[in-house]
Amino acid sequence: MTIAITITLAATLTIWFSSYADAATVALDEVIAIVNNEAITRSEYQTRYKRKQLETDQGLEQIPEQIDFDILELLIDERIQAQAAQAAGISIGRAEIENAMANMAAQNNLSQQQLITELETQGISAIQFLRSIKEQRLIQRLVDISVNARVSVSEQEIDYHLQAHKELYMPNISYEISHLYVSTSGKSAAEIERESENVNHIHQGLLQGQSFSSAVRDFSDGENQEEGGYAGWRKENQLPELFLAALRQTPIGGVTEIMKSVNGFHIIKLHAKEGDTKIVTQQRLRHILVQPQRSNLTDREAIDLLNDVANKIRQGSDFEQFARLLSDDAATASRGGALGWTNPGDTAPAFEQAALSLPLNQLSDPVRSRFGYHLIEVLDRRERDISRDIARNSAQRELFKRKAEERYQNWFGRLREGAYIEYVANN
């Protein structure tokens, strides 16, 4: 039985960001390549191999002894870019690394602690893995500055592209869903059998009318537990075939059969389904956001502050003035809290549901979302077919991707030509 060394993410980051981290984590290691004056070691190669597995949902399988040349080349290319990023003075903060680690764990249906434990079990240093993530973020920041920021797509280019590719006007079927997920990762056969029985019991309750949101909050290991597992609108190409096969057989308002994947059990509730057109209720909103941690307030103090502000606005004080003075949403505070016209899914689920329940021109009580506490006012509502907007956005993304890829290849080609690369490994 292998005993995994577990490290909390916070502790790992504390060690990594300390002044002595690099010296403390250097160990004798086989050099397999040299990029400029920097060695690439076998352990770094193994860490990059594992990250690729996680990024492509392959699971954490054992690394072959024979070096995969494609992975090595990828690592060399990334090292060249990371060196360029550091030379340009680009830096990455602790919070960004922690968020990236959390997202990668969630993408693989693991907690952060489970991910670190899995890595440690397979001989991958958690600190080195975090350094690998940092390198990835450095590269992305460099590419954003050197490539993406210099790419633009005109409205005329979008028009021409849509005329040549009319299929973009035919959106895929989309599903509005909530997701209940019970993990079986790392569990024994007996434990998985017990989880199967529990999921069957949950499913029977849902078929008999029990609340899906409550079931998610009570039993799910997935994301958005506080929002009842709400995942919003997803196009067919954004969902795995396992889910699609079940959703196609599920009536609106119903729940799917239990689905078994490599990592656990899944049940999905289908709220709505749309195809050829996308008719939505748009809301023109404004809000005031207070983030307790940013304002150095307790939750109770934030709520009391917003209640006081709401009373003053209801008595005739100016909403926009309070938004400019108090709101922690920097993007809207300067506009008096105006969010403009929003589509379903543009705002956090709790925020959106609260707005939908409000009469026009009536101020809400404080509403909690994952961003903090809000006062919300709905200024107008309208029904609109946004199929054309979806098509134009799709065309813009496609054109941007093409232009950015061409610019990137030219930019990186010059960067690599100027680099010294030496292959040391024999295998």
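Residues numbered from 1 in each chain as written. Predicted model: local features only at pLDDT ≥ 70, side-chain atom pairs only at ≥ 80, totals over all residues. Heavy atoms only, no water.

## Points about helix α9 (residues 189–207)
Then step 1. With 19 residues, α9 extends 27 Å between its outermost C-alpha atoms, agreeing within 8% with the 27 Å of an ideal straight helix rising 1.5 Å per residue.
Then step 2. Looking at α9, one finds that the buried residues are E195, S196, V199, I202, H203, G205 and L206.
Then step 3. Against β3 (174–183), α10 (212–219) and β6 (264–274) lie the buried residues of α9.
Then step 4. Of the residues flanking the end of α9, it is G209, one or two places downstream, whose phi is positive at about 105 degrees. (Helix = DSSP H or I, 4+ residues; strand = E, 2+ residues; numbered from the N terminus. Expected span 1.5 Å × (residues − 1). Buried < 20%, exposed > 50% of the residue type's maximum accessible area, 1.4 Å probe, protein only. Contact = heavy atoms within 4.5 Å.)

## With respect to the sheet that holds β3
Within a sheet, adjacent strands bond to each other through the backbone by hydrogen bonds, running parallel or antiparallel.
Then step 1. Pairing within the open sheet is antiparallel, and its 4 strands lie in the order β4-β3-β6-β5. The outermost strands of the open sheet, each flanked by one partner alone, are β4 (230–235) and β5 (259–260).
Then step 2. Sheet topology note: the β3/β4 ladder contains 5 bridges and is antiparallel. What sits directly across from S174, in β4, is K235.
Then step 3. α10 rests against β3 and β6 of the sheet, and its axis sits at about 35 degrees to β3. (Pairing = 2+ DSSP bridges. Axes fitted to C-alpha atoms, helices over the stretch in contact; angles between N-to-C directions.)

## Digging into the environment of K401
Then step 1. Along the chain, K401 turns up in helix α17 (residues 387–417).
Then step 2. With relative accessibility at 59%, the residue K401 sits in the exposed group.
Then step 3. Along the chain, K401 and V151 lie 250 residues apart, while their C-alpha atoms are 9.3 Å from each other.

## Observations regarding the sheet that holds strand β7 (residues 279–290)
Then step 1. Across the sheet, which stays open at both edges, the 4 strands sit in the order β8-β7-β10-β9 with antiparallel pairing between neighbours. Pairing within the sheet leaves two strands with one partner each, and these edge strands are β8 (338–342) and β9 (367–369). In this sheet, adjacent strand axes meet at a mean angle of 40 degrees when their direction is disregarded.
Then step 2. Bridge count between β9 and strand β10 (residues 372–385): 3 bridges; the pairing is antiparallel.

## Focus on the packing of helix α3 (residues 42–55) against helix α4 (residues 69–87)
Then step 1. Where α3 contacts α4, the two axes come as close as 10 Å, and the packing angle between them is 100 degrees. Between α3 and α4, the angle is such that the two are roughly perpendicular. Seen from α3, the contacting residues are E44, Y45, R48, Y49, R51 and K52; seen from α4, they are I71, L72, L74, L75, E78 and R79.
Then step 2. Looking at the contact of α3 with α4 residue by residue, the class counts come to 6 nonpolar, no polar and 6 charged. (Parallel < 35°, antiparallel > 145°, perpendicular 65-115°, else oblique. Nonpolar A, V, L, I, M, F, W, Y, C, P; charged D, E, K, R; others polar.)

## Describing the side chain of E195
Then step 1. Topologically, E195 is positioned in helix α9.
Then step 2. Setting aside its immediate chain neighbours within four residues, E195 contacts V182, S183, K187 and F265.

## Comments concerning the packing of helix α5 (residues 94–107) against helix α6 (residues 112–121)
Then step 1. Between α5 and α6, whose axes approach to 8 Å, the crossing angle comes to 85 degrees. One way to sum up the angle between α5 and α6 is to call them roughly perpendicular. Mapping the contact onto sequence places M101, A102 and A105 in α5 and Q112, L115 and I116 in α6.
Then step 2. Its residues assigned to classes, the contact of α5 with α6 comprises 5 nonpolar, 1 polar and no charged.

## Observations regarding the nonpolar core
Then step 1. One finds I40, Y45, I76, M101, L115, F129 and W411 to be the most contacted residues of the largest nonpolar core, which totals 40 residues.
Then step 2. For this core, the secondary structure elements donating two or more residues are β1 (31–35), α3, α4, α5, α6, α7 (126–146) and α17.
Then step 3. The greatest single-element share of this core, amounting to 8 residues, is contributed by α7.
Then step 4. The contact partners of L115, leaving out residues within four places of it in the chain, are L54, M101, A105 and L110. (Core = buried A, V, L, I, M, F, W, Y, C linked by side-chain atoms within 4.5 Å.)

## What about the pattern of salt bridges?
Then step 1. Applying the stated criterion to the full structure yields 20 salt bridges.
Then step 2. Its salt-bridge partner being D308, residue K312 comes within 3.3 Å of it at the nearest N-O pair. Taken as a pair, K312 and D308 lie in helix α13 (residues 299–314) at a separation of 4 residues, close to a single helical turn.
Then step 3. One connected set of salt bridges, linked through shared partners, spans E38, E44, R79 and E135. (Salt bridge = Lys/Arg side-chain N within 4 Å of Asp/Glu carboxyl O.)

## A closer look at unusual backbone geometry
Then step 1. The phi dihedral of N36 falls on the positive side, at around 55 degrees, and the residue is not glycine.
Then step 2. Relative to the helices and strands, N36 resides in the loop between β1 and β2 (38–41).
Then step 3. Note on N36: relative accessible area 29%, which makes it partly exposed.
Then step 4. Positive phi values are uncommon outside glycine, yet N361 reaches one of about 60 degrees.
Then step 5. As for its placement among the helices and strands, N361 is situated in the loop between α16 (349–356) and β9.

## Topic: the packing of aromatic side chains
Then step 1. Scanning the entire structure with this criterion turns up 4 aromatic pairs.
Then step 2. The structure contains a cluster of three or more aromatic residues connected by ring pairs, namely Y408, W411 and F412.
Then step 3. The ring of F265 has K260 sitting right over it, with the charged end atom 5.3 Å from the ring centre. (Phe/Tyr/Trp six-rings, centres within 6.5 Å; stacked < 30°, edge-to-face > 60°. Lys NZ or Arg CZ within 6 Å of the ring centre and 35° of its normal.)

## Here's the deal with the environment of K134
Then step 1. As for its placement among the helices and strands, K134 is situated in helix α7.
Then step 2. In this structure, the C-alpha to C-alpha distance between K134 and R94, residues 40 residues apart in sequence, is 9.1 Å.

## Considering the pairing of β7
Every other side chain in a regular strand lies on the same face of the sheet, so the side chains alternate between the two faces.
Then step 1. The buried fraction of β7 amounts to 9 of the 12 residues, a majority that puts the element mostly inside the structure.
Then step 2. Bridge count for β7 against β10 is 12 bridges, and the pairing is antiparallel. Its bridge partner being in β10, H287 is matched across the sheet by I376.
Then step 3. One ladder, built from 4 bridges, connects β7 with β8; its direction is antiparallel.

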